[in-house]
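Fold and geometry: a report
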Amino acid sequence: ENPYYYIFKHAFLVLGNAAEHETTGMFDGAPVEKYADTIVNDLFDLKVENIETEAALVMNVWMAVVNQLFQVLAECRAQDKEFSMAALDKAAALWIGAQQEEGSNDL
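As a starting point, this report considers the structure included with it. (Residues numbered from 1 in each chain as written. Predicted model: local features only at pLDDT ≥ 70, side-chain atom pairs only at ≥ 80, totals over all residues. Heavy atoms only, no water.)

1. Details of the overall build of the protein chain
Within the protein chain, the secondary structure is distributed over 4 helices and 2 strands. From first element to last, N terminus to C terminus, the protein chain shows the α and β order α-β-β-α-α-α. Since a compact globule built from 107 residues should have a radius of gyration of about 13 Å, the 17 Å found for the protein chain marks it as more spread out than a globular shape. Overall, the C-alpha framework of the protein chain stretches about 45 × 35 × 15 Å when taken along its three principal axes. The buried share of the protein chain, reckoned over its 107 residues, is 22%. Counting contacts in the protein chain only where the partners sit at least 6 residues apart, residues at least 24 apart contribute 34% of the total. A total accessible area of about 7,900 Å² is found for the protein chain, and carbon and sulfur atoms account for 59% of it. In the protein chain, which carries 6 positive and 18 negative side-chain charges, the distance between the mean positions of the two groups comes to 9 Å. (Helix = DSSP H or I, 4+ residues; strand = E, 2+ residues; numbered from the N terminus. Rg over C-alpha atoms; globule rule 2.2 N^0.38 Å. Buried < 20%, exposed > 50% of the residue type's maximum accessible area, 1.4 Å probe, protein only. Contact = heavy atoms within 4.5 Å. Areas by Shrake-Rupley, 256 points an atom, 1.4 Å probe, with all protein chains shown as cover. Lys, Arg positive; Asp, Glu negative; His and termini not counted. Charge placed at Lys NZ, Arg CZ, Asp CG, Glu CD.)

Structure follows, in structure tokens:
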């Protein structure tokens, strides 16, 4: 399992307990394991055009990037250069995206 998932989960667990006085294991009224879904659903209430869509995209892509970076470490430890580099390529491709001009932060 990817330990980075537990870092995110723990951060939202602490936030739920300390800031929102939730019972242990909860974040914003839902199980902490559903933190991404909880945040995206909360954004619907803000009535900001497309914010929930962008948040869902960003959170899913970020989780996929972190997972690929963990795979880089795992494959590196296993001394599998081919799979390690493939995972790094996937992480970079997810983060950079498609149709981005070299050196630009714009899509």
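2. Points about a nonpolar patch on the surface
A surface patch of nonpolar side chains, about 250 Å² in accessible area, is lined by Y4, I7 and L73. Within the secondary structure, I7 sits in helix α1 (residues 3-18). (Patch = residues over 30% accessible without salt bridge, like charges linked within 9 Å, V, L, I, M, F, W, Y side chains within 5 Å. Salt bridge = Lys/Arg side-chain N within 4 Å of Asp/Glu carboxyl O.)

3. Comments concerning the packing of aromatic side chains
Under the counting rule described, the total for this entry stands at 3 aromatic pairs. Look at F12 and F27: their rings are 5.0 Å apart centre to centre, the planes differ by 65 degrees, and that puts the pair in the edge-to-face class. Residue F12 is located in helix α1, and its partner F27 is located in strand β1 (residues 26-27); the two are separated by 15 residues in the primary sequence. Comparing F12 with F27, the two get one shared label, buried. Between W62 and W95, the aromatic rings sit 5.3 Å apart at their centres with planes inclined by 65 degrees, giving edge-to-face as the arrangement. One end of the pair, W62, is in helix α3 (residues 51-77); the other, W95, is in helix α4 (residues 81-96), with 33 residues separating them in the sequence. For W62, a relative accessible area of 35% translates into the label partly exposed. Residue classification places W95 among the exposed residues on the basis of a relative accessible area of 55%. Three or more aromatic residues link up through ring pairs in this structure, and these residues are F12, F27 and Y35. (Phe/Tyr/Trp six-rings, centres within 6.5 Å; stacked < 30°, edge-to-face > 60°.)

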